[in-house]
Amino acid sequence: MTDLTPLFQQCVEIVQSELGGGVKDDLDSRQVRKLRNKNSKNYPVIKDTFDKECYEFYNIIADLNQFVAVIKSPYLAVNDEPQISKSALNSLSVDDKNRIDEEFKYKIQQLYKKLSLLQSYEAKRNSLIPKVPESGISSFFFKNILDDEPSDQRLFLLTIGSHREKVLTFLMQALDSVNKSFEVIQKKRNSREKQLESLNFQNFDEDEDLNYNEFNNVLSPIASPPLNTLEQTTALEQEEQMRQLQYQQPQYTQQQLSLLETENKEFLTMKTNQLKQVEKVQSSIVDIINIQNELSFKLQTQGEQINSLMDNNDQVQVDVQMGNKTLNKATSRNKRGTNMIVTMCIIMGFLILFVDRISF
Amino acid sequence: MDESLRGKQIATLERMLHLNKDGSPDLTLASRSEEIIWKVLVLDTKSRAVLSSVLRVNDLLRCGITVHSLINSKRTPLPEVPVIYFVEPNIDNVLQIIDDLENDRYDSFYINFTASINRELLEEFAKKVSISGRSFKIKQVFDQYLDFIVTEPNLFSLDLPKIFTQFNKAGTDEDTIHSLVDRIANGLLSTIITLENVPLIRAQQGGPAEFVATQLDLKLRDYLSNSRNSPNQSIQQRPVLILLDRNIDLSSMFAHSWIYQCMVSDVFKLQRNTIKLHKYSKDSDKPTLTNYDLDPRDFFWNKYSQLPFPDVVESADAELNTYKNDAREVTNKTGISSLKDIDPSADNDTANIQQAVEKLPELSNRKTTLDMHMDILAALINELQAKNLDKFFEIEQNANDPKTEKEFLELLVQEAERDNSVDKLRTFLILTLLVDLPKEYIDKVKKTFINKYPELNFDSLNYILKFKEHSKLTNISALNDTTTQSSYSSANNNTSALLSGLSSKLYGLTEGKISGGLSSIASKIKNFIPEKKQLPITSVVEAIMDPNNASNTSMQLTDDYLYLDPKARGGHSKPPRRQSYNESLVFVIGGGNYLEYQNLQEWANQPNKPSKKVIYGSTDIMSANDFLLECNELGKSS
């Protein structure tokens, strides 16, 4: 592509200088805006701070991106020794990193909230646009008189609505990408720290970290079952190192030998203790699972029993209703019957009396 | 960066949308704070065709374009928003821009022309701008040199219809020819500038190719001598631009093909990366129309569009299975599948769910692409069966075999489910072109045609017969005779395992709509898997690019070609040298098709040789039916 702008500007200047006073003075932006405000009836302008806020939003996102890029390397750097000197400039301690995590997440949440506010504002503004009248004789006539195309103002409102909608989608995409990039480095850091913990577990050389490691070692076997292969390879490496060490320095004094032996015994007891704890934990987990299974089974049977109880209940209710009905029928029939008998008796009594009277 | 022509065009377009600044055009990455982020894009019809073939609305949004509209439509003023114009450099567009400027429709104006704007128009534009008094609003004016349409990575078209008709009609006057040649040369200039490497020109003599070549040479010299255009890259080897006339091979324009991409463009419509399907249902006579858009990142199309049809069906099935496996894997990970998941302190669960959430959009995209292609394949199978297209393909491949004449006669009287008279005519035209048919045979066929299909237009047949006589005199058809023997075979032996599964898979794909006819198609496929042949155009390209391996007849032919070098000082027309090239740009004046494109790409990417880069283009990429209509017109006028 070729940039014709300088040539173009040249032409404009030449024309202006040639035509001299016959041309209006070149209006600058302020004058154009004044002209525009005068004719504001023709140019509908929505007076709100939407554009400014969107630009600010974008700048915040850009700043966040730069921040992520800048802290990426110190954030991912891993410290081997816990007592690192605080004066080291480019490294971040674990506390710093956690704080960065929290604050970043908080900031992102705020941005999401702001974006949703902007979206609801747009939705409300759009709902205020009057809809085209759909039915009615008057609109039929109007439709014939007016243009087929929508009116200028309506077109403007529609266009600016879709423009703003696209702007908000764009901002959402940008925010998502910042969020994702931060999550990526967060994940990396977490996985690296996990690997490091498992390595500490195998680290024989650091005597002063024994206490720290013992505390760690109780938890880490549970936390890192997928790193079994890693442990195995590091164990192999350690064995190699030991063997090399032994080969290089074959002569130890008796004292050093006994010292090494006691150390070995301590490590061995530590390991067996850990193994026992692990086994205990495993068996308790298995017990818990079994109990859970039994509980669920019992719950299931209870559920079935309750269901059958309820069924029975319903059945009983139905039976009782039927029974009531038949009883009622029976009583009414009986009533009729007794009524009849009683009246018959009375009539017969009167008849006998009457016959008796007559016969006398 | 994607080094193909399409990649370069996308890069230029995105750079333009980024206001011709350096830096990543994808503004959602927000790598730094920008002053101008959201813009409006105004196009005209030609530039919209260019843009929509390669960029979608999402891509535009990522570059910050919120609203796009046509320059001639009613546009609403957006006084606070900057605007990018991407239009052709003609007077109407310029007047429209001036009108927008005077009415203060937008905040700042960035103007990009698709091709080079000529000096008078630029001055006129500047004059009007300065009269309006708002020249400070015009921030940039650029020539982008992008008036060509790229669909496949190495395929481009200038979108100039009916060139073949106009060049071969007797009544075209010199002025029209001159303006057409000029337009073609402009389009080629844009392509060359986008590729950023000035080629050597070889052109076929005695036709429009020669004119275009000389014009292009002049334009390139002008462009290079302009001090503001500095060509870099003198270290790279220069490519060769091969200009050919359509007369070199008419049979490939009519051919039926077995390759997925060619079939789609033949049976349906494939233009500007949009496929227009028509599906016939059993109830109605009228077809239902569906449109599909092909994204440049469509993984299925990029991988399989150049394969023959049965392979594509197989691969579609394989991809569907891979997708199902992946989906199952992802959903399994979020459930409890092993003891370790009960462990509370591990965050494997959340990690797995996070992974699933990340993979979901990618998986659903894959599914939509696969669904689209399955639909297309099913529709293709329907059409194949209804029109017996496989028979035509067979006849065309075996054109030299004397039995095919009889076969064709039988086929001619056969009825098909849907009207395939045009396909029959096409096959007949190919037979006429490739083989010297006896006169009685031609008359017999003509009579049968007229009896059976009285409404069919036979002007094209007359034209082709005349063309054949003419070409016998000028010996162009020599290429066709030799190429049928110089086929390079690549083992394409499909085993029966492939084909026995094929019919059941096809059945499954189309949801049981096709019944017994499918097994017959499958068996025919089995009987006939074609050897790969070289089209005449490929042998010409081979002769120019790789003279050591080409056949003698094609070498003799191409030695006559014109040789021009825009960078050489002094006179043109040095004697041609036999030199091998690694990159080339092949341009056919009068029309191109996907079959030649695929053939060239196959030749360029042969498995045991170093790969060459071949870009194929034409004045218009058209389907066989369109070319048939042009031949009809030619036959009518002569």
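This text gives an overview of the structure that appears in the document. (Residues numbered from 1 in each chain as written. Chains lettered and ligands numbered in written order. Predicted model: local features only at pLDDT ≥ 70, side-chain atom pairs only at ≥ 80, totals over all residues. Heavy atoms only, no water.)

### Regarding the sheet that holds strand E14 (residues 583-589) of chain B
Residues and elements named next belong to chain B.
Reasoning step 1: Spatially, 7 strands are ordered E6-E7-E15-E14-E9-E8-E13 in an open sheet, and the strand pairing comes out mixed. Pairing within the sheet leaves two strands with one partner each, and these edge strands are strand E6 (149-150) and strand E13 (562-564).
Reasoning step 2: Relative to strand E15 (residues 613-618), strand E7 (residues 155-157) runs parallel, the two sharing 3 bridges. The partner of Ser 157 across the bridge, within E15, is Ser 618.
Reasoning step 3: Here helix H8 (residues 208-225) sits on the sheet in contact with strand E8 (200-203), strand E9 (240-245), E13 and E14, set at roughly 145° to E9.
Reasoning step 4: Relative to E15, helix H24 (residues 594-604) is tilted by about 170°, and along the sheet it contacts E7, E14 and E15. (Pairing = 2+ DSSP bridges. Helix = DSSP H or I, 4+ residues; strand = E, 2+ residues; numbered from the N terminus. Contact = heavy atoms within 4.5 Å. Axes fitted to C-alpha atoms, helices over the stretch in contact; angles between N-to-C directions.)

### A word on the nonpolar core
All names here are of chain B.
Reasoning step 1: One finds Tyr 260, Phe 428, Phe 449, Val 586 and Tyr 616 to be the most contacted residues of the largest nonpolar core, which totals 99 residues.
Reasoning step 2: Counting residues per element, this core draws most heavily on helix H13 (residues 348-387), which supplies 11 residues.
Reasoning step 3: Excluding residues within four positions of it along the chain, Phe 449 makes contact with Leu 412, Ser 421, Lys 424, Leu 425, Phe 428, Pro 454, Leu 456 and Phe 458.
Reasoning step 4: Formed by 53 residues, the second largest nonpolar core is a distinct cluster that contains Ile 10, Val 212, Leu 243 and Leu 585. (Core = buried A, V, L, I, M, F, W, Y, C linked by side-chain atoms within 4.5 Å. Buried < 20%, exposed > 50% of the residue type's maximum accessible area, 1.4 Å probe, protein only.)

### Some details on the pairing of E15 of chain B
Looking along a regular strand, one sees side chains alternate from face to face of the sheet.
Residues and elements named next belong to chain B.
Reasoning step 1: In terms of burial, E15 is a largely internal element, 5 of the 6 residues being buried.
Reasoning step 2: Sheet topology note: the E14/E15 ladder contains 6 bridges and is parallel. When the sheet's bridge partners are listed, Val 586 is paired in E15 with Tyr 616.
Reasoning step 3: Regarding topology, H24 serves as the crossover connection from E14 to the parallel E15, and that connection is right-handed. (Right-handed = clockwise from strand over helix to strand, strands pointing away.)

### Details of helix H22 (residues 536-545) of chain B
Reasoning step 1: With 10 of 10 residues buried, H22 of chain B lies mostly within the body of the structure.
Reasoning step 2: For H22 of chain B, the set of buried residues is Pro 536, Ile 537, Thr 538, Ser 539, Val 540, Val 541, Glu 542, Ala 543, Ile 544 and Met 545 of chain B.

### Here we look at the interface of chain A and chain B
Reasoning step 1: With 54 residues of chain A at the contact, the number on the chain B side is 65 residues.
Reasoning step 2: Of the roughly 5400 Å² buried between chain A and chain B, counting both surfaces, carbon and sulfur atoms make up 64%.
Reasoning step 3: Across the chain A-chain B interface, the total number found is 0 salt bridges.
Reasoning step 4: Where chain A touches chain B, the interface holds 4 residue pairs in polar contact (both at pLDDT 80 or more).
Reasoning step 5: Only strand E1 (2-3), helix H1 (5-19), helix H2 (29-38), helix H3 (50-76), helix H6 (152-201) and helix H7 (210-223) of chain A provide two or more residues apiece to the side of chain A that touches chain B.
Reasoning step 6: Among the elements that make up the side of chain A that touches chain B, the one with the highest residue count is H6 of chain A (18 residues).
Reasoning step 7: Taken together, the residues of the side of chain A that touches chain B sort by class into 28 nonpolar, 14 polar and 12 charged. (Buried area = accessible area lost by both parts, 1.4 Å probe. Salt bridge = Lys/Arg side-chain N within 4 Å of Asp/Glu carboxyl O. Polar contact = N/O pair within 3.5 Å; in protein donor to acceptor, adjacent residues only side chain to side chain. Nonpolar A, V, L, I, M, F, W, Y, C, P; charged D, E, K, R; others polar.)

The quantities given are spatial measurements derived from coordinates; they are silent on function.
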